[in-house]
Structure formats: structure tokens, C-alpha cells
Amino acid sequence: MTNKLRLLRAQYGLSQADLAESLGVSRQTVNAIETGRYDPSLPLAFKIAAEFGLKIEDIFDAGLKAPDPRPKSNPSSTRVR
Amino acid sequence: MSKAYLTFCKACFTIENMSSSTENSGWSTKAILTVGSLGDEASRRYTNRSMWALLAMVVALGATAKLGSAGKLLNMAIPGAAFAYIAWQFRNYLAVADELAKRIHLEAMGWTYLIGIAAGIGLGALAKGEGWNINPGFIILLEPVRAGALYLVARRYR
């Protein structure tokens, strides 16, 4: 999973220690997330997103393709008989 | 030149300046290899309390060694009590450790457990076959094994 954490941290002028303190984790955890060696838990990912006022998917990219939206079909053809 | 491009350039410049050794360093190797902890604040508290417990154990063992039968009973109970306290402190440390520290510790303990099981079964079979009398206190040798596993696991997250 890739992420933009380092870029965002740089934009906000935060050090790893600053960000770690506000997230309530160790600096090594922030470093491991930035280098892609560790994927954060869901609560921590939410905290990170909230810290920068973004959505999780704006920061983290799991490389998954979003499924195509289902074509709208005629309701009468999908009715269970 | 757009404002977004300027912001991007500024961010890149800041990243370059941020790439100092302090930003890239990992866990404390010294703490990992000497006391089997990651060297963070919570682990220092655990290490200090463990050291005091070990010191108290040695003093108490010395004090009860020359007593009579009651002292012998105490002498046998003291190491168990001291290590139970250390285990409790380790549990308290894990409860407050951050998620990556917890993960590293649990992975290291998992490896230690597997190595302990394999070594225990192997040595047990050998001891039975050869008639050796192995002191169960040797189980403490798993602690340096855990420190080694902690070192190897922590390296992966640097």
C-alpha cells in the first residue's frame, strides 16, 4: 500500500515527531508508515486522515480498482418471480 | 506558475531537508539487545521496574538463604514471585505501547515461542534418552532468543 503521508507532512511543515505526538504513536511508527513498511490499523488511518482534513483514500492507495458501477437495468427484468 | 506547483516544490524541498538521520533511524538497537525492549518511554519504565525486581530478588534470596525450613520455602517462592511481577509489568507495557511496537513484540514472542517449543521437545527427548538432568531454570535462555527475534523483526520496520 502506498501513501502520501511524507508529502502531506512536508506540506504542513511537521516533523515525524510532531505528527507522531499528535497521533499518539511513536515516531518510528510514522516512519514505518511513510516508508510503506507498515500499514496502519483502521483507527490510526482515520486519525491520520482527520489530522490532515482528508479522506483515508486521499492519503492511502491500496492499488485496488473501484468496481464499475452496475448499469441501471430495467426493474421489471430483475424482479424475482 | 500555478500555486499548486509552488506548493509541490516547497513540499519536495522540505522532504529533502527532512531526510536527516534522526528521521530515518529506527528502534534502539542497544535497548533491544541488552534488555529486550524497544527503548521507548513505556519500555524504559518496564525495564527499570524489572531491574528493581531482579535486584530485590537477589537481596531476598541472600537474606532467606541462611534461614531454616521456613526460609527454604520462601527461597523457593521468591524467583517465581519476582518473575510473575516482571511478566505483569511486561503486560502493562504492551497495554500502552503503540500499535507498531505491539506488533513487533508479538511477532518476536511468536518466534520465541516456536523456537522454545522446538528446543524444549528436542532437548527433552535428548535428556530422556541420555539421562541428563536439565535444570528447568534454563528456560530463562529464551529471553536472549526473544531479544534476538525482536532485533530481527524490528529491522523489518525501519
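Preceding this paragraph is the structure being described.
The structure presented is a predicted model; accordingly, all values stated were derived computationally and were not measured.

Cut-offs used in this document
Residues numbered from 1 in each chain as written. Chains lettered and ligands numbered in written order. Predicted model: local features only at pLDDT ≥ 70, side-chain atom pairs only at ≥ 80, totals over all residues. Heavy atoms only, no water. Helix = DSSP H or I, 4+ residues; strand = E, 2+ residues; numbered from the N terminus. Buried < 20%, exposed > 50% of the residue type's maximum accessible area, 1.4 Å probe, protein only. Contact = heavy atoms within 4.5 Å. Areas by Shrake-Rupley, 256 points an atom, 1.4 Å probe, with all protein chains shown as cover. Axes fitted to C-alpha atoms, helices over the stretch in contact; angles between N-to-C directions. Parallel < 35°, antiparallel > 145°, perpendicular 65-115°, else oblique. Left-handed = near helix turned anticlockwise from the far one by under 90°. Nonpolar A, V, L, I, M, F, W, Y, C, P; charged D, E, K, R; others polar. 1 Å grid on protein atoms, 1.4 Å probe; cavity = no way out; pocket = protein on both sides within 12 Å on 5 of 7 lines; lining within 4 Å. Points joined across faces, edges and corners; volume = space filled by probe spheres on them. Core = buried A, V, L, I, M, F, W, Y, C linked by side-chain atoms within 4.5 Å. Salt bridge = Lys/Arg side-chain N within 4 Å of Asp/Glu carboxyl O. Expected span 1.5 Å × (residues − 1). Bend = angle between axes of the 7 residues up to and from the residue.

(A) Examining the overall build of chain B more closely. Helix and strand counts for chain B stand at 7 helices and 0 strands. Within chain B, the proportion of its 158 residues that are buried is 29%. By sequence separation, contacts in chain B at least 24 residues apart represent 68% of the contacts at least 6 residues apart. Here chain B has roughly 10,300 Å² of accessible surface; of this, 68% comes from carbon and sulfur atoms.

(B) Broad picture of the packing of helix α6 (residues 99–130) of chain B against helix α7 (residues 142–156) of chain B. All names here are of chain B. Viewed as axis vectors pointing N to C, α6 and α7 meet at an angle of 135°, and their least axial separation amounts to 8 Å. The angle between the axes of α6 and α7 places the two elements in the oblique class. Along this stretch, α6 crosses α7, giving a crossing that reads as right-handed. Contact with α6, carried on its side by I104, H105, E107, A108, M109, W111, T112, I115 and G116, involves L142, V145, R146, A149, L150, V153, A154 and R156 of α7 and no other residues of that element. Residues belonging to the contact of α6 with α7 are distributed by class as follows: 11 nonpolar, 3 polar and 3 charged.

(C) The arrangement of the layout of surface pockets in detail. Residues and elements named next belong to chain B. Considering only enclosed or pocket space, the largest pocket measures out at about 770 Å³ in volume. A breakdown of the residues in the lining of the largest pocket according to their chemical character gives 17 nonpolar, 6 polar and 2 charged. Of the volumes computed, that of the second largest pocket is approximately 350 Å³. In this structure, the second largest pocket is lined by 13 residues; those nearest its centre are A119, G120, L123, F138 and I139. In terms of residue count, the dominant contributor to the lining of the second largest pocket is α6 (6 residues).

(D) Geometry of the nonpolar core. I48(A), W27(B), L38(B) and I104(B) are the most contacted members of the largest nonpolar core, which has 38 residues in total. Not counting residues up to four positions away in its chain, the partners in contact with W27(B) are S26(A), Q28(A), I32(B), L38(B), D98(B), L100(B), A101(B), I104(B), A154(B) and R158(B).

(E) Summary view of the pattern of salt bridges. Residue and element names in this part refer to chain B. Applying the stated criterion across every chain yields a total of 5 salt bridges over all chains. Of the charged contacts, one joins R156 and E107 as a salt bridge, the two residues approaching to 2.9 Å between their closest N and O atoms. Remark: E107 occurs in helix α6 and R156 occurs in helix α7; sequence separation between them is 49 residues. On the basis of relative accessibility, which here comes to 45%, the residue R156 falls in the partly exposed class.

(F) Highlighting helix α5 (residues 69–96) of chain B. Residues and elements named next belong to chain B. If you check α5, its first and last C-alpha atoms are 42 Å apart, about what 28 residues at 1.5 Å a residue would give, namely 40 Å. Along α5, the sharpest change in direction is near 30° and occurs at A77; proline P79 comes one to four residues later. If you check which residues of α5 are buried, you get G71, I78, A82, I86, Q89, F90, Y93 and L94. In the core, the buried residues of α5 are packed alongside α4 (41–64), α6 and α7.

(G) The arrangement of the packing of helix α2 (residues 16–23) of chain A against helix α4 (residues 42–51) of chain A in detail. All names here are of chain A. Two elements in contact, α2 and α4, have axes whose closest approach is 10 Å; the angle formed by their N-to-C orientations is 115°. You can see that α2 and α4 cross each other, and the crossing is right-handed. Here L19, S22 and L23 of α2 lie close against α4, whose contacting residues are L44, K47, I48 and E51. Here the residues of the contact of α2 with α4 are counted per class, giving 4 nonpolar, 1 polar and 2 charged.

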